[in-house]
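For reference, the chains in residue letters:
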Amino acid sequence: MCGIVGLFLKNRALEPMLGALFEPMLLEMTQRGPDSTGFAIYRDPVPAGSVKLVLQHPALDFDWSHVAALLTEAFKADIDYRRIDTHCLLKLAAPEAAVRAYLHASLPAVAVVSAGQHIEIYKEVGLPSEVADRFALKTMRGSHMIGHTRMATESAVTTAGSHPFSTGSDLCLVHNGSLSNHNRLRRKLQKAGAVFHTENDSEVAAQFFDVQMRQGASLQQALRNALTELDGFYTFAIGTSDGFAVLRDPVACKPAVMAETDDWVAMASEYRAIARLPGVANARLWEPEPATVYVWEGAGAAGAQLGAGPLAKAG
Amino acid sequence: MTAERVFDLTTHTVRELNQALHDVTGATPVRFKVVNAMGDHALAVGIDAAVQVEIHGHVGYYCAGMNKHAVVTVHGNAATGLAENIMSGCVRVKGNASQSAAATGRGGLVVIEGDASARCGISMKGVDIVVHGAVGHMSAFMAQKGRLVVCGDAGPALGDSIYEAELYVRGKIADLGADCEEKEMTAEHRTALSMLLREAAVDLEAGDFRRFGSARRLYHFNIDHADAY
């Protein structure tokens, strides 16, 4: 089943309340996905040339100072790090690709949950209320968030199999549905250089968007291309450094509802996740059309809607 | 004097509301007012009495499912599966309805004053559905009996694999599904549609609608395929 939620703040004055507004949305989707929970928050960008990483190791007493020391030594750069439950938020004045390569080679037991200038992802196995508490979600401030409550179908219930999936710089994805051509697509993306960490179909979708955008596609183009390349059921919410997008497959089996006010844009699997946001009574409320790309980019940006229409023929 | 019972869903549970609705017996008319519906699922489901239920707020999945005799009005939008398998009575939504509204409905009337999304009236078996606005793709999919009236436009694949339901559309149709075709609108159909529009409180001329139904080509085994075995 799975539940997905997204909240993009158009009014920057609300940024200190982002986590407090977002947490009830995520918790409301507990019945749709009680086995794992995750969320991505966009905030506190590091300067160009630096990277912000969220790393994960299952041991709560894992020695992150050792990781920090190794990275400082390897990159001769200042490092700032903070343990947050099983995760570690780490900022380093070094290129993302090089840091990823180093971690992959030298610290294979440490998972890279997210990497970029803005993005931070926190995800774990467990009920939404437990996971939200572990990471102090309600205290978080930022510009936008997307989140996921998982009821696993395709792959194991593990931290790595939880959403959001992030592959490239600042991009992440949450997915409700299942893809039927993910094995073929995975092989195709591997040839294009993508490195996979799970057997999960949603990771294939995340890698698809990453490869598309690395090859020069805009977020909107990548979403349009997804309509022809991805086969199966999906409602996606996608986060980028300054944007937020929603896409449903042409048959629209998986639910989605959206709401927009002058202050925010929200999406959720079900209306009840949105029902308690401030000003919702006067929000524009709609069900996103199948095979239609919805994108918001930049603070205060107006949304763009690009429709192929329901049951659009692929190709 | 009609009694009115008020259920505030910030203080009452959905189970309490539904149990109270199921407990109604006898001939005394009862009015229920439900406030602060915040997208809750399964509101006013399984009623089997001539009660009147007014729900204020947006409702979640399967509102007024399996309804018998009751008149349920939603002052808001409805999520997936509104009035699923309705048997009789009337379910009216002042806003929009999500997917599969009135799915498998066997009788009664469902009125959606806004738009309905995909698969409205899927596998309908006798219910009458009147949508003031538009319907989404694959509406009346495998419809078997009853009438779907669309005052606005219809999305792609209307009436795909339809059996014997009657479809009336006033606006544009994206395209018809397999085995669905336009039918003649006779005086008899116009009269019946006029009555249904009046019942649904729609002030439109029956003559402005086109009628669609089954071409009946998918009913039977095609003997030309016998060689395939």
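Residues numbered from 1 in each chain as written. Chains lettered and ligands numbered in written order. Predicted model: local features only at pLDDT ≥ 70, side-chain atom pairs only at ≥ 80, totals over all residues.

Caption draft 1: Fine view of the overall build of chain A. Along its length, chain A carries seven helices and 17 strands. A compact globule built from 315 residues would reach a C-alpha radius of gyration of about 20 Å, and chain A, at 18 Å, matches this within 12%. By principal-axis analysis of the C-alpha atoms, chain A measures approximately 55 × 45 × 35 Å. In chain A, which comprises 315 residues, the share counted as buried stands at 51%. Here the contacts in chain A between residues at least 6 apart in sequence split such that 71% fall between residues at least 24 apart. (Helix = DSSP H or I, 4+ residues; strand = E, 2+ residues; numbered from the N terminus. Rg over C-alpha atoms; globule rule 2.2 N^0.38 Å. Buried ≥ 20, exposed ≤ 12 C-beta atoms within 10 Å, placed from the backbone. Contact = placed C-beta atoms within 7 Å.)

Caption draft 2: Fine view of the interface of chain B and chain A. Tallying the contact residues gives 16 residues for chain B and twelve residues for chain A. Along the lines of polarity and charge, the residues of the side of chain B that touches chain A split into five nonpolar, ten polar and one charged. (Nonpolar A, V, L, I, M, F, W, Y, C, P; charged D, E, K, R; others polar.)

Caption draft 3: Spatial organisation of the nonpolar core. By size, the foremost hydrophobic cluster in this structure holds 164 residues, and its most contacted members are Ala102(B) and Val110(B). For this core, the element with the highest residue contribution is helix H6 (residues 201-214) of chain A, accounting for six residues. Setting aside chain neighbours within four positions, we find Ala102(B) in contact with Leu82(B), Ala83(B), Ile86(B), Val110(B), Cys120(B), Gly121(B), Met124(B), Val127(B) and Ile129(B). (Core = buried A, V, L, I, M, F, W, Y, C linked by C-beta atoms within 7 Å.)

Caption draft 4: Molecular detail of the sheet that holds strand E3 (residues 51-56) of chain A. Residue and element names in this part refer to chain A. Across the sheet, which stays open at both edges, the four strands sit in the order E4-E5-E3-E6 with antiparallel pairing between neighbours. Lying at the two open borders of the sheet, with one neighbouring strand each, are strand E4 (79-84) and strand E6 (111-116). Each strand of the sheet is rotated relative to its neighbour by a mean of 15 degrees, with strand direction disregarded. Pairing of E3 with strand E5 (residues 87-92) involves six bridges; the strand directions are antiparallel. Note that in E5 the partner of Leu 55 across the bridge is Cys 88. Across the face of the sheet, helix H2 (residues 64-75) comes into contact with E4 and E5 while running at roughly 160 degrees to E4. The strands touched by helix H3 (residues 96-106) within the sheet are E3, E5 and E6, with E6 carrying the most contacts at an inclination of about 175 degrees. (Pairing = 2+ DSSP bridges. Axes fitted to C-alpha atoms, helices over the stretch in contact; angles between N-to-C directions.)

Caption draft 5: Local environment of the pairing of strand E13 (residues 257-260) of chain A. All names here are of chain A. One ladder, built from four bridges, connects E13 with strand E14 (residues 264-268); its direction is antiparallel. Across the sheet, residue Ala 259 finds its bridge partner in E14, namely Ala 266. Taking the residues that link successive antiparallel strands as the turn, the E13-E14 hairpin has three residues. Taken together, the three bridges between E13 and strand E15 (residues 284-286) define a ladder with antiparallel strand orientation. Among the inter-strand pairings, Ala 259 is bridged to a residue of E15, identified as Leu 285.

Caption draft 6: The packing of H6(A) against helix H7 (residues 219-229) of chain A, seen in detail. All names here are of chain A. Viewed as axis vectors pointing N to C, H6 and H7 meet at an angle of 130 degrees, and their least axial separation amounts to 9 Å. Looking at the two axes, H6 sits oblique to H7. Between H6 and H7 lies a crossing whose hand is right-handed. Of the residues in H7, those in contact with Phe 208, Phe 209, Gln 212 and Met 213 of H6 are Leu 219, Ala 222, Asn 225, Ala 226 and Glu 229. (Parallel < 35°, antiparallel > 145°, perpendicular 65-115°, else oblique. Left-handed = near helix turned anticlockwise from the far one by under 90°.)

Caption draft 7: Summary view of the environment of Lys52(A). All names here are of chain A. Its location among the elements puts Lys 52 in strand E3. Along the sequence, Lys 52 and Ile 41 sit eleven residues apart, while their C-alpha atoms lie 12 Å from each other. Setting aside anything within four residues of it in sequence, one finds Lys 52 in contact with Val 46, Lys 91, Gly 116, Gln 117 and Glu 120.

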